[in-house]
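Understanding the architecture of this molecule
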Amino acid sequence: MKNHSILTLTVFLLCAAVSLNSCKTVGNEATTNNNVETKTNSEKGITTIGTALDPVDYVNNLMGTENKFLLSHGNVYPAIAIPWGMNAWVAQTGEMGDGWQYVYSDNQINGFKQTHMPSPWMNDYGNFAIMPVAAVADTVGGGENMLFGEEERESWFSHKTEISKPYYYSVFLADHDVVAELAPTKRAARFRFTFQSSSESNIVIDAYDDGSFIEIIPEESKVIGYSTKNSGGVPDNFKNYFVIDFDQPFESGTVWSGDELLSGESKAEGNHVGAIIQFATEWGDQIDARVASSFISHEQAEINLEEIGNDSLEKVKADGRAIWNEKLGRILVQGGSQENTETFYSTLYRMLLFPREFHEINAEGETVHYSPHNGKIESGKFYTDTGFWDTFRAHFPFYDLMFQDRNSEIMEGLVNVYEQSGFLPEWASPGHRDIMIGNNSASIIASAYLKGRRGYDIEKLYEGILHGTENVHPEVSSTGRLGHEYYNEIGYIPYDVGINESAARTLEYAYNDWSIYKLAKALDRPVEEIERFRERSLYYQNVFDPDHNLMRGRNEDGSFQSPFNPFRWGDAFTEGNSWHYSWAAMHDMQGLINLMGGEDVFVSMLDSLFILPAVYDDSYYGFPIHEIREKQVVNMGQYAHGNQPIQHMLYLYNYAGQPWKTQYWVRETMDKLYSPTHDGYPGDEDNGQTSAWYVFSAMGFYPVTPAGDQFVLGSPLFPFMEVKLENGNTITIEAENNVSENYYIDEMYVNGESYNKNYIEYSVLMEGPHIRYVMSNEPNKERGTDREAYPYSFSEEN
């Protein structure tokens with residue numbers, strides 16, 4: 001009782017010394033359990049317990065944040081951002097330069113970092129950090145050892161006092177007794193730091209990296225600077241200019257360079273620079289800061305700061321919440337479990353982060369951008385931070401369905417990339433990056449145009465596509481087509497000519513050529529040109545080995561690579577083995593069925609993926625890369641859902657008259673491999689792709705042929721779903737008897753008419769159909785078994 005009385009008196013005195021609002025903010029907004037925000041019901045829009053929450057309330061952006069180099073559960077971080085925002089913010093628990101900037105099991109935060117990281121494998125660029133610190137002098141050192149380094153300033157924290165939402169973040173920093181809060185806009189953010197029990201109030205600003213700059217402007221209560229930090233893909237003049245505008249005067253300010261404090265100096269440039277800003281405050285006082293940045297100039301950063309204006313943190317937070325609710329609310333689900341609902345909206349949130357806007361609005365209201373290709377300020381839109389090797393499969397087809405205007409903007413941005421660099425991007429962050437394979441920009445562009453997207457220069461994009469089929473970027477070999485000379489001449493990239501992942505490249509180029517063939521027809525290109533790409537669409541057949549019924553590396557003389565181990569990862573394939581890439585003819589499953597010897601053999605090969613042991617050969621890499629481990633630990637044989645090349649494979653039973661097997665395995669994968677938890681993904685999320693697989697699958701269909709006009713049926717996850725399209729129409733999906741054990745479609749109706757096909761067309765979806773399923777725990781082996789029910793295959797067109 002005595003200790004409780006002392007604690008109560010202390011809290012009473014503290015609240016008497018500061019405003020009541022400050023105490024309420026600390027108490028109400030910084031307390032959380034299991035990432036559920038403890039706010040008043042009126043603030044959340046909830047009138048009684050048990051009523052439906054807003055879509056954003058189901059998002060757990062900590063899903064997939066428990067990761068390490070050898071095992072991925074998503075390889076994501078809790079991005080505090082606006083959909084497609086130029087910047088995101090993250091509480092950094094890792095060291096600067098470590099791609100794993102926030103790991104769920106970490107215990108300490110060393111800064112709140114502006115980040116542009118699309119993946120730990122790509123790392124970050126233009127980043128800087130802000131960190132509140134109660135005391136900046138090491139008492140042992142007599143005040144001379146200032147605590148500005150990452151290790152010195154870091155603080156312990158607990159998830160119990162962490163609130164992480166897409167639009168708001170708050171955490172209690174235990175070592176400093178500070179509550180830190182932030183809320184973002186597209187290019188700016190509002191911070192608030194509550195110093196609960198210290199008369200010292202300090203903000204550390206870290207610009208990182210050699211070549212950066214920082215300046216303290218005390219008469220304006222402002223700090224400006226720029227970060228040159230990058231991981232490639234930028235010219236020499238790259239800078240991220242930032243401005244930090246505080247709401248009260250400084251008591252003092254000190255800059256540093258490297259490990260040295262520069263006493264009496266107000267600016268520093270060069271060797272890892274930063275600043276310490278000290279404030280004269282009372283216990284419990286709050287320090288607010290407005291932060292904005294620009295890749296163009298400090299003046300543009302000041303313009304971007306007007307996204308916040310004089311808005312309070314509460315206003316910025318409320319606005320961000322409304323934006324997220326509007327975007328997430330385009331799809332409303334009902335009747336599912338709490339876990340499935342949280343997983344659905346958490347994955348949908350991930351799909352709306354990338355690619356990010358890289359353009360800005362200048363003082364004249366014009367859209368402009370810094371070009372990471374030529375270092376100039378250019379006009380027009382620009383998007384970046386996505387890898388098409390991942391996202392062409394389902395992420396961009398989702399935009400074709402749900403966010404068409406945004407996708408048209410992205411196409412406009414691709415025109416700018418081509419004009420500035422001479423190539424279309426394949427992996428951009430922010431410029432061309434030398435990683436992964438394929439020419440999948442062709443698929444994304446073809447898909448957008450064939451599905452009716454306009455408002456950009458398609459002729460220029462088509463020119464860029466053609467250029468990419470005959471060239472490779474002189475400095476970034478993953479851009480364009482590495483090995484195009486062999487592929488165009490002999491119909492495949494040989495295994496023995498020094499080009500790695502040759503079979504995978506051949507397979508992806510063949511699908512890309514089918515996309516170009518379809519686009520060329522739509523653009524009424526010359527017959528010879530159309531025929532050239534039609535023929536190349538069948539080049540996947542050139543690396544098919546009939547002796548094994550699998551894809552295999554092939555030598556320049558026509559012989560197959562030997563010895564052949566179908567369990568060997570890498571080598572002729574990319575982050576997978578032959579069992580994973582043998583289904584890569586996404587545009588021509590009937591052609592693949594014919595090669596394998598018919599439907600029965602094809603289905604047997606599909607079944608074998610789940611029956612085979614989870615063995616592997618990692619000799620190409622020298623160790624089991626994380627994708628190998630992710631396949632191994634889930635006990636699904638050779639099926640490797642944690643990586644993209646095989647994610648469409650579960651839908652392929654629809655092409656061979658056994659759709660109930662697709663229905664089983666799709667639901668099994670959703671149930672087993674996804675959850676709204678820190679280990680909730682089966683592998684790398686990859687800029688929206690692995691999330692897109694889940695969201696599409698929950699809707700009940702999937703774009704097996706990404707640039708095609710059909711979505712192949714699976715098994716809907718929710719009893720009811722409403723999908724609001726940009727054209728004003730609404731797709732209504734009802735699934736009767738859709739309890740957890742009822743994986744199978746017994747009956748299906750579209751607009752009241754019985755429906756027996758194993759796919760639904762894009763044009764039908766855009767009309768806003770009413771789709772009704774009747775689900776069962778027993779497969780219906782009569783439905784969808786006729787050839788007329790099968791989805792499109794290129795071979796059937798010829």
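Everything discussed here concerns the structure shown above.
Being a predicted model, the structure only gives us computed values, none of them experimental.

Before going further, it helps to examine helix α6 (residues 313-328). Its 16 residues place the ends of α6 22 Å apart at the C-alpha level, agreeing with the 22 Å of an ideal helix rising 1.5 Å per residue. Those residues of α6 that fall on the buried side of the exposure criterion are Leu313, Val316, Lys317, Gly320, Arg321, Trp324, Asn325, Lys327 and Leu328. Buried residues of α6 fall within an arc of 170° about the axis and therefore sit on the same side.

On to the sheet that holds strand β32 (residues 730-736), then. Taken together, the six strands give an open sheet; going across it, the order is β19-β31-β32-β36-β33-β34, and neighbouring strands pair in mixed fashion. The open sheet has two free edges, formed respectively by β19 (331-334) and β34 (753-754), since each of these has just one partner strand. Inspection of the sheet shows strand β31 (residues 720-724) paired to β32 by five bridges, in the antiparallel sense. Paired with Val723 across the bridge in β32 is Ile731.

Here we take up the packing of helix α11 (residues 441-450) against helix α14 (residues 502-522). In the contact formed by α11 and α14, the axes pass within 9 Å of each other and the chain directions differ by 35°. Along this stretch, α11 crosses α14, giving a crossing that reads as left-handed. Across the interface between the two elements, Ala442, Ser443, Ile445, Ala446, Tyr449 and Leu450 from α11 touch Tyr511, Asn512, Ser515, Ile516, Lys518, Leu519 and Ala522 from α14. Across the contact of α11 with α14, the residue classes tally to nine nonpolar, three polar and one charged.

This paragraph deals with the pattern of salt bridges. Summed over all chains, the structure comprises 31 salt bridges. A salt bridge links Glu357 to Lys186, with the shortest nitrogen-to-oxygen separation between them at 2.7 Å. One end of the pair, Glu357, is in strand β20 (residues 356-357); the other, Lys186, is in the loop between β10 (178-184) and β11 (188-195), with 171 residues separating them in the sequence. The class of Glu357 is buried, set by a relative accessible area of 3%. Note on Lys186: relative accessible area 24%, which makes it partly exposed. The salt bridge involving Lys327 is made with Glu326; its shortest N-O contact spans 2.7 Å. A relative accessible area of 43% places Glu326 in the partly exposed class.

Moving on, we come to the packing of aromatic side chains. For any pair of aromatic rings, geometry is given as the distance between the ring centres together with the angle between the planes. Enumeration according to the criterion identifies 56 aromatic pairs in this entry. Among the aromatic residues, those joined into a ring-pair cluster are Trp84, Phe388, Phe396, Phe398, Tyr399, Phe403, Tyr651, Phe696, Phe701, Tyr702, Phe711 and Tyr762. Lying across the ring of Tyr226, Lys239 places its NZ or CZ 5.2 Å from the centre.

Another point: the sheet that holds strand β21 (residues 359-361). The strand order across the open sheet built from three strands is β21-β22-β23, with neighbouring strands paired in antiparallel fashion. Each edge of the open sheet carries a strand with a single partner, namely β21 and β23 (377-379). Recorded for the sheet is a direction-independent mean angle of 40° between the axes of neighbouring strands. In this sheet, β23 lies alongside strand β22 (residues 367-370) in antiparallel orientation, the contact comprising three bridges. Across the sheet, residue His369 finds its bridge partner in β23, namely Glu378.

Calculation rules
- Residues numbered from 1 in each chain as written.
- Predicted model: local features only at pLDDT ≥ 70, side-chain atom pairs only at ≥ 80, totals over all residues.
- Heavy atoms only, no water.
- Helix = DSSP H or I, 4+ residues; strand = E, 2+ residues; numbered from the N terminus.
- Expected span 1.5 Å × (residues − 1).
- Buried < 20%, exposed > 50% of the residue type's maximum accessible area, 1.4 Å probe, protein only.
- Arc of directions from axis to C-beta.
- Pairing = 2+ DSSP bridges.
- Axes fitted to C-alpha atoms, helices over the stretch in contact; angles between N-to-C directions.
- Left-handed = near helix turned anticlockwise from the far one by under 90°.
- Contact = heavy atoms within 4.5 Å.
- Nonpolar A, V, L, I, M, F, W, Y, C, P; charged D, E, K, R; others polar.
- Salt bridge = Lys/Arg side-chain N within 4 Å of Asp/Glu carboxyl O.
- Phe/Tyr/Trp six-rings, centres within 6.5 Å; stacked < 30°, edge-to-face > 60°.
- Lys NZ or Arg CZ within 6 Å of the ring centre and 35° of its normal.

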